[in-house]
Amino acid sequence: MRDHDLPARERRTRGKRRFDDDEQLFLKRGRSAEPAPADPDAEPDPDTGERWSSWDDAVHGPQPHPDWLVTELAAKDTELGVLKTGKEADVHLVRRAVPGTDRSCLLAVKRYRDAQHRLFHRDAGYLEGRRVRRSRENRAMAGRTAFGRQMIAGQWAAAEFAALSRLWEIGARYGTITVPYPVQVRGTELMLEFLGDQEEGLAAPRLAQLRPEAAELLELWGQLVDALVVLARAGLAHGDLSPYNLLVHAGRLVLIDLPQVVDVVANPQGPEFLARDVRVVATWFAARGLPAETADPAVLTALLLREAGIR
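The model shown is predicted, which means the values in this text are computed figures rather than measured ones.

(A) Representation of the environment of Phe 285 in the model. You can see Phe 285 is positioned in helix 6 (residues 270-287). The class of Phe 285 is buried, set by a relative accessible area of 0%. Counting along the chain gives 10 residues from Phe 285 to Ala 295, while the straight-line C-alpha distance between them is 6.9 Å. For Phe 285, the contacting residues outside a window of four places in its chain are Leu 207, Leu 217, Leu 220, Trp 221, Leu 224 and Leu 290.

This is the structure in structure tokens:
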């Protein structure tokens, strides 16, 4: 087990994280030098597939922004295709570029489905501990009305953005957890760092697609344990962890698909979600040849619960 020396305040902090939107400086940045963007919701140009970047109209990820990220207001977004379809959301590939320059980046754009087609089939347990205050919204969410389903979709996007932002900051500080950089959130659309081949636009493989040799398998298991310990010390569990929502990029294990992230303290089912996460991934590693005593789900679950301050 690698040493993780998170301060106590980081383990138990539930307060607001600082994003650049809190300072409201990004609204003024560079306006005098760049043209005012058109409505980002407008239909894309039928000839080029481009639309104005929605950066100016979104909540941004943690500062400092990575150097590769295009934040210029003159940038345009071009749809390149679908990376993944799912029951709750589809993930698209988008290139954000400043016309006439070499400034561009690829983004993975997660779009939750509209209220008529959305299938939030597992949300009841995950939403424990993150209820909104107003009774009308609570009743709508509980009754799964069209408005309530839209509220749930917004909660999923906001919860994933908040979790990724927090974990990105922890990972940047301690180097023990890797997630895609959360670029921005806008309504039910979440934009993330694209992890994969930048030239070909091919996404990094999921852990489930790989057949690692013994040494690599052990290394990936160590990275996973480190990440789960950091999550537990922050009071969190992934909530739906499996080899299908873990990427392997440049030798690093990357956690993805975090809309259902669970507060293991505030959510009464938190310990059960955590134990299931461990059981699922430990079973996969054991089936690929990791010794049973190394990938023992009972031992790891007990460790994580202690780190979370539950037992």
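(B) Here's a closer look at the packing of aromatic side chains. Here the structure, examined in full by the defined rule, presents 4 aromatic pairs. Aromatic pair Trp 68 and Tyr 181: ring centres 6.3 Å apart, planes at 90 degrees, arrangement edge-to-face. Of this pair, Trp 68 sits in the loop between strand 2 (59-60) and strand 3 (76-85) while Tyr 181 sits in the loop between helix 4 (146-174) and strand 6 (182-186), and the two are 113 residues apart along the sequence. A relative accessible area of 30% means that Trp 68 is categorised as partly exposed. Its relative accessible area of 0% is what places Tyr 181 among the buried residues. Centre to centre, the rings of Trp 284 and Phe 285 are 5.1 Å apart; their planes meet at 80 degrees, and the pair counts as edge-to-face.

(C) Spatial organisation of the sheet that holds strand 4 (residues 89-97). Spatially, 1-3-4-5-7-6-2 is the arrangement adopted by the 7 strands of the open sheet, whose pairing is antiparallel. What marks the edges here is a single partner per strand, and that holds for strand 1 (50-52) and strand 2. Strand direction decides the pairing type here: strand 6 and strand 7 (residues 189-193), joined by 4 bridges, are antiparallel. Bridge assignment links Arg 186 to a residue of strand 7, and that residue is Glu 189.

Procedures and definitions
Residues numbered from 1 in each chain as written. Predicted model: local features only at pLDDT ≥ 70, side-chain atom pairs only at ≥ 80, totals over all residues. Heavy atoms only, no water. Helix = DSSP H or I, 4+ residues; strand = E, 2+ residues; numbered from the N terminus. Buried < 20%, exposed > 50% of the residue type's maximum accessible area, 1.4 Å probe, protein only. Contact = heavy atoms within 4.5 Å. Phe/Tyr/Trp six-rings, centres within 6.5 Å; stacked < 30°, edge-to-face > 60°. Pairing = 2+ DSSP bridges.

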